[in-house]
Amino acid sequence: MNIRFDGKTAVITGGATGIGFACAELMLASGAKVIILDLPNDQLTSATNQLTANGDIRSYPLDLATPAGIAPTVSKIKNECGEIDVLIQTACQASAQPAEQITQHDWDTVYDVNTKGLFLMMQAVACQSMIPRNAGAIVNLSSVAGIRGMQEPLCAAHYSSSKGAAIQLTRQAAVEWAKYNIRTNAVAPGGVKTESIFELFPEMLTEAAKPVPLKRLSGPTDIAQAICFLASDAASMITGQILIIDGGASVVGV
């Protein structure tokens, strides 16, 4: 199977690092025009410079925690780059702390990006570009933390519930927007070796892989490959699904 995105435009939130960056690399290699969105910092500039040789790449600064900036940014992308065929949402506010320590500020910080920002981005892209053309594919990033309970030190009620909300937003959009031929799916990774994971849990990465049946954690490209499949025409009859990618850990209850 040769998955191609020739002539299509993909927008990737959180595209400057980790899974989002890996998605951008794969989409460019598959012929897509790619727009990466991320916080306005050096990482966005660096990612854009690294990807320039790979194909048609553009970048726009966007903080999903600032709702007022979302719809105007989508409008600017549409005016400058054309219609949006694929939306991949990997932007994420990660956190880990016991429930009794979570403050209202902690809760809002996570939910503003992982839930509200995710929904408003879906809504803006769908309303401005996908619904008028009766076509589109959206892939959101959830987590196994949104499916099952997590033990310390991985517990985070606000993060887990925000990822559970991402699952339900994905399913609801799949039902409501099917009449516009918009497919909406999500992936739910287990442990992934990204910058944020190294920052949060540097001491436990080796131990975390031991009980996984495949004996390793995922890399960003492992997740990106599944995302690109779900975004492609090869998945034309798949919508409303949540694909767990964890090396078999959930099968054995890790």
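Our subject is the structure listed above.
Notes on the structure in this doc start here.

Parameters at a glance
Residues numbered from 1 in each chain as written. Predicted model: local features only at pLDDT ≥ 70, side-chain atom pairs only at ≥ 80, totals over all residues. Heavy atoms only, no water. Helix = DSSP H or I, 4+ residues; strand = E, 2+ residues; numbered from the N terminus. Rg over C-alpha atoms; globule rule 2.2 N^0.38 Å. Buried < 20%, exposed > 50% of the residue type's maximum accessible area, 1.4 Å probe, protein only. Contact = heavy atoms within 4.5 Å. Areas by Shrake-Rupley, 256 points an atom, 1.4 Å probe, with all protein chains shown as cover. Axes fitted to C-alpha atoms, helices over the stretch in contact; angles between N-to-C directions. Parallel < 35°, antiparallel > 145°, perpendicular 65-115°, else oblique. Left-handed = near helix turned anticlockwise from the far one by under 90°. Nonpolar A, V, L, I, M, F, W, Y, C, P; charged D, E, K, R; others polar. Phe/Tyr/Trp six-rings, centres within 6.5 Å; stacked < 30°, edge-to-face > 60°. Pairing = 2+ DSSP bridges.

**Some words on the overall build of the protein chain**
Here is step 1: The number of helices and strands found in the protein chain is 8 helices and 7 strands.
Here is step 2: Relative to its length of 254 residues, the protein chain is compact, with a C-alpha radius of gyration of 17 Å against a globular reference of 18 Å.
Here is step 3: Within the protein chain, the proportion of its 254 residues that are buried is 48%.
Here is step 4: Counting contacts in the protein chain only where the partners sit at least 6 residues apart, residues at least 24 apart contribute 75% of the total.
Here is step 5: Of the roughly 11,600 Å² of accessible surface on the protein chain, a fraction of 53% belongs to carbon and sulfur atoms.

**Quick look at the environment of Ala 174**
Here is step 1: For Ala 174, the position within the fold is in helix α5 (residues 157-177).
Here is step 2: Put simply, Ala 174 and Ser 59 are 115 residues apart on the chain and 27 Å apart in space, counted from C-alpha to C-alpha.
Here is step 3: Once you skip the residues sitting within four places of it in the chain, Ala 174 turns out to touch Thr 184, Thr 239 and Gly 240.

**A word on the packing of helix α1 (residues 18-29) against helix α2 (residues 42-51)**
Here is step 1: Two numbers describe how α1 lies on α2: the axes approach to 11 Å, and their chain directions differ by 25 degrees. In this view, α1 runs roughly parallel relative to α2, as classed from their interaxial angle. Where α1 crosses over α2, the handedness of that crossing is right-handed. Residues Phe 21, Ala 24, Glu 25 and Leu 28 of α1 touch α2, and the partners they reach there are Ala 47, Gln 50 and Leu 51.
Here is step 2: Its residues assigned to classes, the contact of α1 with α2 shows 5 nonpolar, 1 polar and 1 charged.

**As for unusual backbone geometry**
Here is step 1: Of note, the phi angle at Asn 134 is positive, near 55 degrees, even though the residue is not glycine.
Here is step 2: In this structure, Asn 134 sits in the loop between α4 (104-130) and β5 (136-141).
Here is step 3: Of note in this structure, Asn 181 is not a glycine but carries a positive phi near 60 degrees.
Here is step 4: Within the fold, Asn 181 resides in the loop between α5 and β6 (182-189).

**Observations concerning the packing of aromatic side chains**
Here is step 1: Counted under the stated rule, the structure contains 1 aromatic pair.
Here is step 2: Each ring, one from Trp 107 and one from Tyr 111, has its centre 4.8 Å from the other, and the planes form 10 degrees; the classification is stacked. Placement of both Trp 107 and Tyr 111 in helix α4 is noted, with a separation of 4 residues, approximately one turn of the helix.

**Points about the sheet that holds strand β4 (residues 86-89)**
Here is step 1: Strand order across the open sheet formed by 7 strands is β3-β2-β1-β4-β5-β6-β7, with parallel pairing between neighbours. Two strands bound the open sheet, and with one partner strand each, they are β3 (57-61) and β7 (242-245). Here the strands of the sheet are splayed against their neighbours by 15 degrees on average, with no regard to which way each runs.
Here is step 2: Sheet analysis places β4 next to β5, joined by 4 bridges and oriented parallel. When the bridges of β5 are listed, Gln 89 appears paired with Asn 140.
Here is step 3: On top of the sheet, α2 reaches β2 (33-38) and β3; it is set at about 175 degrees to β3, its chief contact.
Here is step 4: Lying on the sheet, helix α3 (residues 70-81) is in contact with β1 (9-13), β2 and β3; it crosses β3 at an angle near 155 degrees.

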